[in-house]
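Each chain is listed here by its residues.
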Amino acid sequence: MKNNNEQFIYTPFVEQAEVKQNKISGVVNNLLYHWPLVILSLVIAIILAFVYISSTNAVYNVKAKISINDNKNKETNVKEAAMEQLSLSTGSKLVESEVEIIKSRPLIRNVVDSLQLWVNYSIEQRLKTVDIYTSSPFRLKLIKPKTSLFTQNFEVKIIDGKQFQITHNDEEINGYFGVPVKTSFGNFTLLATDKLKNYQGETVKVNIVPLETAVTAYQEKISTSFNKTAPMVELNIEDQVPLRGIRTLNTLISVYKSSNIQNKNKETLTTLKFIDDRLASLRGELSQAEKTVEGYKSSVGLTDISSKSQYYLDNAQSNDGKLGAVSVQLNIINGIERYVNSEKNASSPPATIGIEDPGLVALVGKLSALLLEKDQLLATAPESNPIFYPLNSQIKSTKAAIKSSISNIKSSLVSTNRELRKISSGFESSIKDIPVQERQYVSFKRQMDIKQGLYIYLLQKREEVALSYASTLKDARIVENAYAGKPESKKKGPLTVAILLGMIFPVGLLSFRKNLRNRVLTVNDIQLGTSVPVIAELIHESGKNELVMLKKGAFAITEQIRNLRTNILQQTSASNNQVILFGSSVAGEGKSFVASNFALSLAATGKKTIILELDLRKPRIAKIFRAKNSSLGLSSFLEGKTDLNAIIEPSVFNENLSIIGAGPIPMHPSELLEDDRMADLILQLRAEYDHIIIDSPPMHLVTDGLILSQFADVCLYMVRHNHTAKSELNFIEKLYQEEKVRNMFIVFNGIYMDSRYGYALDYGYYSEKSNKNLVSGAFTDLALRF
């Protein structure tokens, strides 16, 4: 029958979970207990970190700084205005767009190619590989074009000053410096340097990557930052070889400046062609107009015109000049508009000469630079290549911006053109009042002056553009040449990671082991797994003497056993001559230890008590109590070989306590326990003793315990801390629910009193020293702390 779960008197220690101990403190306490494992993990992690640091080369941060001529944030002074009129300045340069141009693939490709950054030379030194870019004993010269490169790794062993041996996979090839070598992966020549003598007998590793792969890598390695107000652009690159980093940035700046001049001259040539075409057309028109005026004057004999006619003519010519300038700008705007609207464009946009809007000039210049970059890429890659996606996107957005700008400018020019034509119509009406001969002459003369003015204007612009082509004005200048700073320390990062991993690994390992073992660690685990009430909690006793109740003074374990005694007596106060069975699921849960000391505690109250060693397979009670008669026991009595009085042995430790040992181990213990003599034995003992204690076998392993449970009034079931598997709680619950055991209670035994399991004990009241030696305590159970 099930018992009522009453409020028991618990032992004088507290579970820290009850005072809301958080998980972090539990983890910390667990690590403190397993300090040898933590220290070992940290030592191994730090050693590995130092090995990694020793095998890692130092990295240098190389920097350079340039200033870009950006007129976007400057007021246009007289000098700058004059330069723009002479076309010596290509207009405002946006720092953002220039930064993108600096990192563009064509420029980076030029740098990678000129410095041979697609090939790397290195040697092995102890634990690390050392880059020997600046001190390589030879340089590789490809015979085939670099575009046919594939990633290759091979070793070159230098035999002497003339000969070498190449090893690639299982292929070995001997060759001579300066002589072409044919291999399965390409044809090339190794050219000796002045460092060759330092590498006699050494093996040099050579790594070759495709040119475009190297370009992509250096695009990612080179970083830029800029100050819009200055404007300054800082270039950065990290490299194991500082000289290589310096050469890379200095070469990139040089290539960028040369590219600027080439692009400007290309734009200038386009403008010159446009002007020359217009001049050729106007030359014939002007010649025809001059002949018309001269012929008319000769035919009518007109030598001069009146002052009034001259006034109208001068004003009309002035207005026509303005109208012609607007018409030129409209023609250019229309040409640019047709260009951006066309699906297939020429390599360069139309010339922007005569356009006064600096924003449009800058946008057309940017479009020209993007198209030039695309042309250069098309020389090495098809347009379907993904590298064109961002470039095509920039071209599309730039064209959209040009269309928007053209719309506004064109609207303004059309409006100006309309007003000038109205003025021109007024002058024409006034000219009609002039005599016929003068009117006709003014008309012819006006046409000639228009052609002549436009011709002179274009001649002037051609000279200005020619001067621009001859000029060498730079849009960028070097503020700081490339320089390398001190190598960055790589120790802090790996050591920090090592310490973190050294702490995380023990936490993970302990958590894994805990989940793998799946043992009962707290009362809460028991309550979650079964509804059987917990009547007592007993701390772990590490002393050699198992009869702890014989200790003098107040000890925690003895007080806990006395509390157990009190709880049992209160719970079963109506029972007389009761039988108390101590059971467990598996061996090693401490039932013999608790049963022995519980029996002593009962005997100490004056109660006549007897303990039966009924674990006939692995008896321990007789050994604990140092019983003398081992030849006779319960097995002898149950087999009918002796009587009861012959097997009862008084305890030497208390006169109120008697012991019946197991005797010789029988062949069939279960059958003996089911014999009628077993029931007779219990009846006889009930008549003579106040308490009968039975130490039974594990119930989940053998059936003996369940056979004995029918004689018991109370069953104290052992669950041992960090020993009993949580799965055993299902078996205990099944026994409880099926009522196979009467008055069943759980004794939580062998609890380790340390904070890693969430328990603490106040030793102030007991005879144990409260000021324990922490150092010696930390070294107890050293093997278990790993």
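Everything that follows concerns the structure shown earlier in this document.
Each value, and the rule that gives it
- Residues numbered from 1 in each chain as written.
- Predicted model: local features only at pLDDT ≥ 70, side-chain atom pairs only at ≥ 80, totals over all residues.
- Heavy atoms only, no water.
- Helix = DSSP H or I, 4+ residues; strand = E, 2+ residues; numbered from the N terminus.
- Buried < 20%, exposed > 50% of the residue type's maximum accessible area, 1.4 Å probe, protein only.
- Contact = heavy atoms within 4.5 Å.
- Areas by Shrake-Rupley, 256 points an atom, 1.4 Å probe, with all protein chains shown as cover.
- Pairing = 2+ DSSP bridges.
- Axes fitted to C-alpha atoms, helices over the stretch in contact; angles between N-to-C directions.
- Phe/Tyr/Trp six-rings, centres within 6.5 Å; stacked < 30°, edge-to-face > 60°.
- Lys NZ or Arg CZ within 6 Å of the ring centre and 35° of its normal.
- Expected span 1.5 Å × (residues − 1).
- Polar contact = N/O pair within 3.5 Å; in protein donor to acceptor, adjacent residues only side chain to side chain.
- Core = buried A, V, L, I, M, F, W, Y, C linked by side-chain atoms within 4.5 Å.
- Patch = residues over 30% accessible without salt bridge, like charges linked within 9 Å, V, L, I, M, F, W, Y side chains within 5 Å.
- Salt bridge = Lys/Arg side-chain N within 4 Å of Asp/Glu carboxyl O.
- Parallel < 35°, antiparallel > 145°, perpendicular 65-115°, else oblique.
- Nonpolar A, V, L, I, M, F, W, Y, C, P; charged D, E, K, R; others polar.
- Left-handed = near helix turned anticlockwise from the far one by under 90°.

Bringing the overall build of the protein chain into the picture now. A count of helical and extended segments in the protein chain gives 23 helices and 23 strands. Across the 786 residues of the protein chain, 43% fall into the buried class. In the protein chain, the proportion of contacts linking residues at least 24 apart, taken out of those at least 6 apart, comes to 78%. Accessible surface, the protein chain as shown: approximately 40400 Å² in total, 53% of it carbon and sulfur.

Spatially, 15-22-21-16-20-17-19-18 is the arrangement adopted by the 8 strands of the open sheet, whose pairing is mixed. A single partner strand is all that each edge strand has here, and the edge strands are strand 15 (534-539) and strand 18 (648-650). Within the sheet, the average angular offset between the axes of one strand and its neighbour, ignoring direction, is 25 degrees. Packing of helix 20 (residues 676-688) onto the sheet brings it into contact with strand 16 (578-584), strand 17 (609-613), strand 19 (657-660) and strand 20 (691-695), and relative to strand 20 it is tilted by some 140 degrees.

Its identity as a non-glycine residue notwithstanding, N722 has a phi of 60 degrees, on the positive side. Its place among the elements puts N722 in the loop between strand 21 (714-720) and helix 22 (728-737). With a phi close to 55 degrees, E739 is a non-glycine residue in the positive phi region.

Let us now look at the packing of aromatic side chains. This model, assessed by the stated rule, comprises 6 aromatic pairs. An angle of 50 degrees between the planes, with centres 6.4 Å apart, marks the rings of F625 and F653 as tilted. Of the two residues, F625 sits in the loop between helix 16 (621-624) and helix 17 (634-638) while F653 sits in the loop between strand 18 and strand 19, which places them 28 residues apart along the sequence. Exposure remark for F625: the relative accessible area of 2% places this residue in the buried category. An aromatic cluster of at least three residues, connected via ring pairs, comprises Y121, F138, F164 and F177. The lysine or arginine in question, K221, covers the ring of Y218, its NZ or CZ lying 4.6 Å from the ring centre.

As a further point, take helix 20. One turn of the α-helix equals 3.6 residues, which is why residues spaced by three or four share an orientation. Spanning 13 residues, helix 20 covers 19 Å between terminal C-alpha atoms, matching the ideal 18 Å at 1.5 Å per step. If you check the start of helix 20, you find a side-chain oxygen 2.9 Å away from the backbone N of R677, and it comes from D675.

Moving on, we come to helix 14 (residues 556-571). If you check helix 14, its first and last C-alpha atoms are 22 Å apart, about what 16 residues at 1.5 Å a residue would give, namely 22 Å. Looking at the buried residues of helix 14, the elements they touch are strand 15, strand 16, helix 15 (591-604), strand 21 and strand 22 (744-751).

To continue, consider the nonpolar core. Membership of the largest hydrophobic core comes to 53 residues, with the highest contact counts inside it found for V112, W118, F138, L140, F154, I166 and V206. Among the elements that take part in this core, helix 7 (residues 242-300) stands out by supplying 5 residues, more than any other. One finds I660, A662, L708 and I751 within the second-largest nonpolar core, a separate group that totals 46 residues.

On to the sheet that holds strand 8 (residues 171-176). Two pairing modes exist for strands in a sheet, parallel and antiparallel, and in both the strands are linked by backbone hydrogen bonds. Sheet architecture is open: 6 strands sit in the order 4-3-11-6-7-8, paired in antiparallel fashion. Strand pairing shows two members of the sheet lacking a second neighbour, strand 4 (128-131) and strand 8, which therefore form its edges. Going from strand to strand, the sheet's axes swing by 30 degrees on average, the running direction of each strand aside. In the sheet, strand 3 (residues 119-125) pairs with strand 4 via 4 bridges, with the strands oriented antiparallel. Within strand 4, the residue paired with S122 across the bridge is D131.

A surface patch of nonpolar side chains, amounting to about 440 Å² of accessible area, comprises I39, V43, I47, V51 and L127. Relative to the elements of secondary structure, V51 occurs in helix 2 (residues 35-54).

Turning our eyes to something else, we now look at the packing of helix 14 against helix 15. In contact at an axis separation of 9 Å, helix 14 and helix 15 are set at 70 degrees when each is read in the N-to-C sense. With respect to helix 15, the axis of helix 14 lies roughly perpendicular. Touching I561, L564, R565, I568 and L569 of helix 14 are V594, N597, F598, S601 and L602, all from helix 15. Residue composition of the contact of helix 14 with helix 15, by class: 7 nonpolar, 2 polar and 1 charged.

Next up on the list: the environment of R477. Structurally, R477 is set in strand 14 (residues 476-484). We classify R477 as exposed; its relative accessible area is 54%. Linking R477 and K65, residues 412 residues apart in sequence, is a C-alpha distance of 9.0 Å. With near-sequence residues (within four places) excluded, R477 lies in contact with I66 and S67.

With that out of the way, let us pick up the pairing of strand 19. The side-chain alternation of strand 19 yields two buried faces, one formed by L657 and I659 and the other by S658 and I660. Across 4 bridges, the pairing between strand 17 and strand 19 is parallel. Paired with L612 across the strands is I660, a residue of strand 19. Relative to strand 19, strand 18 is paired through 3 bridges, and the arrangement is antiparallel. Within strand 19, the residue paired with P650 across the bridge is S658.

Here we take up the packing of helix 2 against helix 12 (residues 492-517). Relative orientation of the contacting elements helix 2 and helix 12 amounts to 145 degrees, with a least axis distance of 8 Å. As for how helix 2 packs across helix 12, the hand of that crossing is right-handed. Here helix 2 contributes L37, V38, S41, L42, A45, I46, A49, F50, Y52 and I53 to the contact with helix 12, which in turn contributes P494, L495, A498, I499, L501, G502, M503, F505, P506, L509 and L510. Here the contact of helix 2 with helix 12 is composed, by residue class, of 19 nonpolar, 2 polar and no charged.

Once that is clear, we can look at the pattern of salt bridges. Enumeration according to the criterion identifies 16 salt bridges in this entry. The partner of K205 in a salt bridge is E124, and the shortest N-O contact between them spans 2.7 Å. Of this pair, K205 sits in strand 11 (residues 203-208) while E124 sits in strand 3; the two residues are 81 residues apart in sequence, bridging distant segments of the chain. For E124, a relative accessible area of 42% puts it in the partly exposed group.

Because side chains alternate across strand 6 (residues 152-158), one face comprises the buried residues Q152, F154, V156 and I158, and the other comprises N153, E155 and K157, none of which is buried. When strand 6 meets strand 11, the two strands line up antiparallel, connected through 6 bridges. Residue pairing for strand 11: E155 is matched across the bridge by K205. Of the pairings in the sheet, the one linking strand 6 to strand 7 (residues 163-168) comprises 4 bridges and is antiparallel in character. By the bridge assignment, I158 is partnered in strand 7 with F164. Linking strand 6 back to strand 7 in an antiparallel pair, the connection comprises 4 residues.

Topologically, L370 is positioned in helix 9 (residues 358-378). The contact partners of L370, leaving out residues within four places of it in the chain, are L391, Q394, I395 and T398.

Moving on, we come to the environment of G640. Among the secondary structure elements, G640 is positioned in the loop between helix 17 and helix 18 (644-647). Once the C-alpha coordinates of G640 and R677 are considered, the two residues, 37 residues apart in sequence, prove to be 8.3 Å apart.

Right, let's get into the side chain of T530. Its place among the elements puts T530 in the loop between helix 13 (523-529) and strand 15. Look at T530 and you get buried, because its relative accessible area is 6%. There is a polar contact of 3.2 Å between the side chain of T530 and the backbone nitrogen of V532. In this structure the side chain of T530 is engaged in a polar contact, spanning 2.6 Å, whose partner is the side chain of E733. When near neighbours in sequence (up to four residues on either side) are disregarded, T530 contacts L729, I732, E733 and I746.

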